[in-house]
Amino acid sequence: MKTTIILVRHCEAQGNHERIFQGATDCDITERGERQLEALSERFRTIEFDVLYSSPLRRARRTAEAVNLYHGLPVQIEPGLREINAGHWEGKRWADFPALYPDEARAWNLAPWDFAPKGGETMRQVYERISATVRSIAQKERGRRVAAVSHGCAIRNLLCYAHGWPIERLNEIEWCDNTAVSVLEFDEDGAISIPM
């Protein structure tokens, strides 16, 4: 009995557009994000799923509503799907990080597994949290097709985990675009595969 997890990254939000680290900050979506949601609703019109989960952040919840437009399922809010809390990076411009926090910026880009912002969540914690959350959802929804809306950094960590790789291989996983869709399959024993 196969369990399918259909992962969706949220639409474009203000932080994406303004090149600001939004992480755990609850930003509004952009006009482009609104257009992305219209296209996403049409894409999901014929995609079957039994249950829908979303990160609690507004940009993810709005995306879940679009995924759900033609399905009418309850949206289950799952805090474990949220984005990284970047502590003192939150709300600051990406371009300023190398000057403000050179060591942390170097880690983010070259060795993200060592990224540990002051007052925030380490990348290792994100890797553990998102993998445990999605495993728990797959166990709870065994044999079903699940749509789940999350965030770029969280999804990147989850895809690394799904490949069976340690977090030290995180840079081998590309960033997905806003509203990108990824699919994971869990077999009866909980083994994960990424169908082509």
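Above this text you will find the structure in question.
Here we summarise the structure given alongside this text.

What counts and what doesn't
Residues numbered from 1 in each chain as written. Predicted model: local features only at pLDDT ≥ 70, side-chain atom pairs only at ≥ 80, totals over all residues. Heavy atoms only, no water. Helix = DSSP H or I, 4+ residues; strand = E, 2+ residues; numbered from the N terminus. Rg over C-alpha atoms; globule rule 2.2 N^0.38 Å. Buried < 20%, exposed > 50% of the residue type's maximum accessible area, 1.4 Å probe, protein only. Pairing = 2+ DSSP bridges. Core = buried A, V, L, I, M, F, W, Y, C linked by side-chain atoms within 4.5 Å. Contact = heavy atoms within 4.5 Å. 1 Å grid on protein atoms, 1.4 Å probe; cavity = no way out; pocket = protein on both sides within 12 Å on 5 of 7 lines; lining within 4 Å. Points joined across faces, edges and corners; volume = space filled by probe spheres on them. Nonpolar A, V, L, I, M, F, W, Y, C, P; charged D, E, K, R; others polar. Phe/Tyr/Trp six-rings, centres within 6.5 Å; stacked < 30°, edge-to-face > 60°. Arc of directions from axis to C-beta.

**Focus on the overall build of the chain**
Link 1 in the chain: When helices and strands are tallied, the chain shows seven helices and six strands.
Link 2 in the chain: Counted from the first residue to the last, the chain has its helices and strands arranged as β-α-α-β-α-β-α-α-α-β-α-β-β.
Link 3 in the chain: On C-alpha atoms alone, the chain measures out to a radius of gyration of 16 Å, which is about the 16 Å that the 2.2 N^0.38 rule sets for 196 residues.
Link 4 in the chain: Expressed as lengths along the three principal axes of its C-alpha atoms, the size of the chain is roughly 50 × 40 × 25 Å.
Link 5 in the chain: Here the chain, with 196 residues, has 51% of them falling under the buried criterion.

**Here we look at the pairing of strand β5 (residues 181-186)**
Link 1 in the chain: Sheet analysis places strand β1 (residues 3-9) next to β5, joined by six bridges and oriented antiparallel. Note that in β5 the partner of I6 across the bridge is V183.
Link 2 in the chain: One ladder, built from two bridges, connects β5 with strand β6 (residues 192-193); its direction is antiparallel. Its bridge partner being in β6, E185 is matched across the sheet by S193.
Link 3 in the chain: From the end of β5 to the start of β6, which pair antiparallel, there are five residues, and G190 there has a positive phi angle of about 90°.

**Comments concerning the nonpolar core**
Link 1 in the chain: Of all hydrophobic cores here, the largest spans 40 residues; its most connected members are I5, W89, M123 and L184.
Link 2 in the chain: Going through the elements one at a time, β1, β2 (51-54), α5 (102-110), α6 (123-140), β4 (145-150), α7 (152-162) and β5 are the ones with two or more residues in this core.
Link 3 in the chain: Residues within four places of L184 in sequence aside, it is in contact with T3, T4, I5, L7, L158, L159, A162, I192, S193, I194 and P195.
Link 4 in the chain: With 15 residues, the next largest nonpolar core counts I6, V8, L52 and A147 among its residues.

**Section: unusual backbone geometry**
Link 1 in the chain: Phi at R19 is positive, roughly 60°, even though this residue is not glycine.
Link 2 in the chain: Structurally, R19 is set in the loop between α1 (14-18) and α2 (31-44).
Link 3 in the chain: The phi angle at T179 is positive, at roughly 70°, despite the residue not being glycine.
Link 4 in the chain: On the secondary structure map, T179 appears in the loop between α7 and β5.
Link 5 in the chain: Residue T179 is classed as buried on the basis of its relative accessible area of 14%.

**Some thoughts on the layout of surface pockets**
Link 1 in the chain: Each pocket or cavity is described by its volume, and for the largest pocket that value is around 390 Å³.
Link 2 in the chain: Lining the largest pocket are 21 residues, with R9, N16, R19, W94 and W175 positioned closest to its centre.
Link 3 in the chain: Elements that contribute at least two residues to the lining of the largest pocket include exactly α1 and α7.
Link 4 in the chain: Residue classes in the lining of the largest pocket are distributed as eight nonpolar, eight polar and five charged.

**Considerations on the packing of aromatic side chains**
Link 1 in the chain: Under the counting rule described, the total for this entry stands at 16 aromatic pairs.
Link 2 in the chain: Considering the side-chain rings of W108 and F115, the 4.9 Å spacing of their centres and the 75° angle between planes classify their relative orientation as edge-to-face. Across the pair, exposure class does not vary: W108 and F115 are buried alike.
Link 3 in the chain: Ring plane angle 25° and centroid distance 6.0 Å describe the contact between W108 and W175, whose orientation is recorded as stacked.

**Considering helix α3 (residues 58-67)**
Link 1 in the chain: Buried within α3 we find R59, A60, T63, A64, A66 and V67. Summarising the axial view, the buried residues of α3 lie within an arc of 155°, below the 170-degree limit, and thus occupy one face.
Link 2 in the chain: In this fold, the buried residues of α3 make contact with β1, α2, β2, β3 (75-77) and β4.

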